[in-house]
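Next come the chains, spelled out residue by residue.
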Number of protein chains: 2
Amino acid sequence: MSPINLAIVGVGKIVRDQHLPSIANNADFKLVATASRHGTVEGIPAFTTIEAMLDAVPEIDAVSLCMPPQYRYEAAYKALQAGKHVFLEKPPGATLSEVADLEALAKAKGVSLFASWHSRYAPAVEAAKAFLDGTTIKSVHVIWKEDVRHWHPNQEWIWQAGGLGVFDPGINALSIVTHILPPLFLTGAVLEFPENRDSPIAADLHFKSGQGLPVRAEFDWRQTGKQSWDIVAETEAGQMVLAEGGSKLSVNGELTFTAPEAEYPSLYRRFAEIVKAGTSDVDLAPLRHVADAFMLGKRKFVEAFHD
Amino acid sequence: MSPINLAIVGVGKIVRDQHLPSIANNADFKLVATASRHGTVEGIPAFTTIEAMLDAVPEIDAVSLCMPPQYRYEAAYKALQAGKHVFLEKPPGATLSEVADLEALAKAKGVSLFASWHSRYAPAVEAAKAFLDGTTIKSVHVIWKEDVRHWHPNQEWIWQAGGLGVFDPGINALSIVTHILPPLFLTGAVLEFPENRDSPIAADLHFKSGQGLPVRAEFDWRQTGKQSWDIVAETEAGQMVLAEGGSKLSVNGELTFTAPEAEYPSLYRRFAEIVKAGTSDVDLAPLRHVADAFMLGKRKFVEAFHD
């Protein structure tokens, strides 16, 4: 099979840091075009709109959509209508309804849609899942606390309505949680909004499973000093810690699994796999929990945030 | 087939006004028990908890859950685990995730789950759908404006986080819209919260379909005088107005269809139908739009609301 001719839409930091090296090292893909208002990739034909790109480069087979979620639907709709496979960066859209719509369109057009969740491919996630599947879980505590000024400096879109605020990193935790734990639902939540912003800077979420397993998740963007991206489970086989965003698994304080980080290479392997199989991979559970938190959560106002 | 032995959980105003007369007039059902903290039904064995009721009355085949949505999951889970069919009042839950979970449980247990949307069974809804299916729609405007003091006096739960506020009536409009229009998704929203309440008193929603059909919905709980529950569509065949909560259909100012109101009798006919067929009927689209509105919507604070 010849390589999948791939185009990227929305050339920003995540594309340069992650997508481009992963594509360059994957023989299943050949980057043939980009569309972006500002960004370009050296040596690759560049366009400023997806329409111009799709018109000018008919040999495109698939597109990766990496712009902010508020602008993703239009591009995905056009690409799917044109019969292209689509890779959606996380979160897959600004609303659940639009992603459900895109999923139906991909099916009707006979192409693949991939709603990617990069943190699910963190090195120790599968080892954590295997450990939890082999024991009884008593409680789970998710602590996802980072410094927004360091990780998202001056990213205005992330603070706008629809930008998700602290749920932008928090959804990474939820993408792991929904992969390694039984189905959960929210029973209560408090969302803290800076008085000058439309998106929350912190969230405290309480979930339960049907069987009554309690799961608490704390997301906070005001963390200076040590950053935390940890999932701690109390189990009958002891305390499990999945630390550093899914990178390291420890049980009762002993490191039991780690491996080099390779999330985006794994995502592109998965994308090639579903394109070859003629299927889609769209799991909305992480975004559904975020929507549930906004719907059910109590709003609290906290001091203004300035970058 | 002998009647379905039915129990009701949460005996309040909607049960007395709608459920009881509909059940009394439907030979497919026999009311055999109720569970409610306060309410009872004359001549019917009454319990204060669903657990006590399920233990004491094993012949129960099905339960209707009519308590506020924040408390519905636990009862539904217990009833489904006990192998009972379940009728959920609208909205079917406080979160999307819990309803997805219940749907999976009903399937596993081989029983029927009905997420009911009573407004879909308003008299003129099917006639409106037939009219719209036969023309090209240019735009749609939903105006759902009522006086909360009149319709929900001192209902504290409706103002709490998870109580949905003005989306409690608004979801009725959305249940009609998602039945008679093509799939839509939200592109922008403003939610107005009274400064002393956790739920919105008004919402202005802008939707689009994949084909670009613009749909605007205005929900407001501060309407005194004439109340509005109208859906107005501009079409190539003229202006269609579905008025009074789906009761009356007019085209270009002429009344073309109306019939006596019979929403809850229709719901119980539908529930009997799916129980006999061994299927479920769970359409989450209306609640998904509400969750999307909370996630995507811009929050605006307005003057305090006092009952």
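Residues numbered from 1 in each chain as written. Chains lettered and ligands numbered in written order. Predicted model: local features only at pLDDT ≥ 70, side-chain atom pairs only at ≥ 80, totals over all residues. Heavy atoms only, no water.

**With respect to the side chain of Gln227 of chain B**
Residue and element names in this part refer to chain B. Topologically, Gln227 is positioned in the loop between strand E10 (214-220) and strand E11 (228-235). Separated by 3.0 Å, the side chains of Gln227 and Trp151 make a polar contact. In terms of polar contacts, Gln227 uses its side chain to reach the backbone carbonyl oxygen of Gly225, at 3.0 Å. Those residues within four positions of Gln227 in sequence are excluded, and the remaining contacts are Lys145, Glu146, Asp147 and Trp151. (Helix = DSSP H or I, 4+ residues; strand = E, 2+ residues; numbered from the N terminus. Polar contact = N/O pair within 3.5 Å; in protein donor to acceptor, adjacent residues only side chain to side chain. Contact = heavy atoms within 4.5 Å.)

**Side note on the pattern of salt bridges**
Residues and elements named next belong to chain A. What the rule picks out here adds up to 34 salt bridges over all chains. Among the ionic pairs, Arg197 bridges to Glu156, the shortest N-O distance being 3.5 Å. Of this pair, Arg197 sits in the loop between strand E8 (184-194) and strand E9 (202-209) while Glu156 sits in the loop between helix H6 (148-151) and helix H7 (167-180), placing them 41 residues apart in sequence. Exposure remark for Arg197: the relative accessible area of 14% places this residue in the buried category. (Salt bridge = Lys/Arg side-chain N within 4 Å of Asp/Glu carboxyl O. Buried < 20%, exposed > 50% of the residue type's maximum accessible area, 1.4 Å probe, protein only.)

**Here's the deal with the UniProt feature "domain: Gfo/Idh/MocA-like oxidoreductase N-terminal" (unreviewed entry) in chain A**
Per the UniProt record, "domain: Gfo/Idh/MocA-like oxidoreductase N-terminal" (unreviewed entry) is found at residues 4-114 of chain A. With 39% helix and 23% strand, the stretch residues 4-114 of chain A has end C-alpha atoms that lie 15 Å from each other. (UniProt positions renumbered as here; feature names shortened; annotations may be inferred.)

**Let's talk about the nonpolar core**
Counting 176 residues, the largest nonpolar core has Met53, Phe167, Leu205 and Phe219 of chain A together with Phe167, Leu205 and Phe219 of chain B as the members making the most contacts within it. Not counting residues within four places of it along the chain, the set of residues in contact with Phe219 of chain A comprises Val142, Trp144, Val166, Phe167, Gly170, Ala173, Leu174, Ile201, Ala202, Ala203 and Leu205 of chain A. Of all hydrophobic cores here, the second largest spans 22 residues; its members include Leu6, Phe29, Ile44 and Phe87 of chain A. (Core = buried A, V, L, I, M, F, W, Y, C linked by side-chain atoms within 4.5 Å.)

**A look at helix H7 (residues 167-180) of chain B**
Residues and elements named next belong to chain B. Over its 14 residues, H7 extends 19 Å from the first C-alpha to the last, a length consistent with the 20 Å expected when each residue adds 1.5 Å. Across the 14 residues of H7, 12 count as buried, placing the element largely inside the fold. Where H7 is concerned, the buried positions are Phe167, Asp168, Pro169, Gly170, Ile171, Asn172, Ala173, Leu174, Ser175, Ile176, Val177 and Ile180. (Expected span 1.5 Å × (residues − 1).)

**Here's the deal with the packing of helix H5 (residues 125-133) of chain B against H7 of chain B**
Residue and element names in this part refer to chain B. Relative orientation of the contacting elements H5 and H7 amounts to 40°, with a least axis distance of 9 Å. Comparing the axis directions of H5 and H7 gives the class oblique. In this structure, H5 crosses over H7, and the sense of that crossing is right-handed. Judged by residue contacts, Val125, Glu126, Lys129 and Leu132 of H5 engage Ile176, His179 and Ile180 from H7. Broken down by class, the residue content of the contact of H5 with H7 amounts to 4 nonpolar, 1 polar and 2 charged. (Axes fitted to C-alpha atoms, helices over the stretch in contact; angles between N-to-C directions. Parallel < 35°, antiparallel > 145°, perpendicular 65-115°, else oblique. Left-handed = near helix turned anticlockwise from the far one by under 90°. Nonpolar A, V, L, I, M, F, W, Y, C, P; charged D, E, K, R; others polar.)

**Points about the sheet that holds strand E11 (residues 228-235) of chain A**
Residue and element names in this part refer to chain A. Taken in spatial order, the 9 strands make up an open sheet running E14-E13-E12-E11-E7-E10-E9-E8-E15, and their pairing is mixed. Every interior strand has two partners, whereas the edge strands, strand E14 (254-258) and strand E15 (298-302), have only one. Adjacent strand axes in the sheet meet at a mean angle of 15°, parallel and antiparallel pairs treated alike. Note: strand E12 (residues 238-243) against strand E13 (residues 248-251), 4 bridges, orientation antiparallel. Its bridge partner being in E13, Met240 is matched across the sheet by Val251. Sheet strands in contact with helix H5 (residues 125-133) are strand E7 (137-145), E11, E12, E13 and E14, and its direction is about 160° off that of E12. Those strands touched by helix H9 (residues 285-296) are E8, E9 and E15, and its axis lies near 65° from that of E8. (Pairing = 2+ DSSP bridges.)

**A word on the domain arrangement of chain A**
Residues and elements named next belong to chain A. Considered domain by domain, chain A is made up of domain 1 (2-114) and domain 2 (117-260 + 289-300). For domain 1 and domain 2, the distance between their C-alpha centres works out to 28 Å. A buried area of about 860 Å², summed over both sides, lies between domain 1 and domain 2, and 65% of it is on carbon and sulfur atoms. Looking at the side of domain 1 facing domain 2, the largest losses of area belong to Gln70, Lys90 and Pro91, adding up to 55% of the total buried there. Counting the contacts that link domain 1 with domain 2 gives 1 salt bridge. Taking the shortest distance from any N to any O, the salt bridge between Asp168 and Lys90 comes out at 3.7 Å. Here domain 1 is connected to domain 2 by 3 residue pairs in polar contact (both at pLDDT 80 or more). (Domains from an automatic or database assignment. Buried area = accessible area lost by both parts, 1.4 Å probe.)

**Describing the pairing of E11 of chain A**
All names here are of chain A. Summarising burial for E11: 6 of the 8 residues are buried, a large majority. As paired elements, E7 and E11 share 8 bridges and run antiparallel to each other. Bridge assignment links Ile143 to a residue of E11, and that residue is Asp230. Strand direction decides the pairing type here: E11 and E12, joined by 5 bridges, are antiparallel. Considered in E12, the bridge of Ala233 is made with Met240. Counting the residues between successive antiparallel strands, the hairpin from E11 to E12 contains 2 residues.

**What to know about the pairing of E8 of chain A**
Residues and elements named next belong to chain A. E8 sits mainly inside the fold: 8 of its 11 residues count as buried. Sheet analysis places E8 next to E9, joined by 8 bridges and oriented antiparallel. Residue pairing for E9: Leu186 is matched across the bridge by Phe207. By the bridge criterion, 5 bridges tie E8 to E15 in an arrangement that is parallel. Bridging across to E15, Phe193 finds its partner in Phe301.

**Overview of the confidence of the model for chain A**
Considering every residue of chain A, the mean pLDDT works out to 96; 100% of them sit at 70 or more. For this predicted complex, the interface confidence reaches an ipTM of 0.94, while the overall pTM sits at 0.95. (pLDDT = per-residue confidence, 0-100.)

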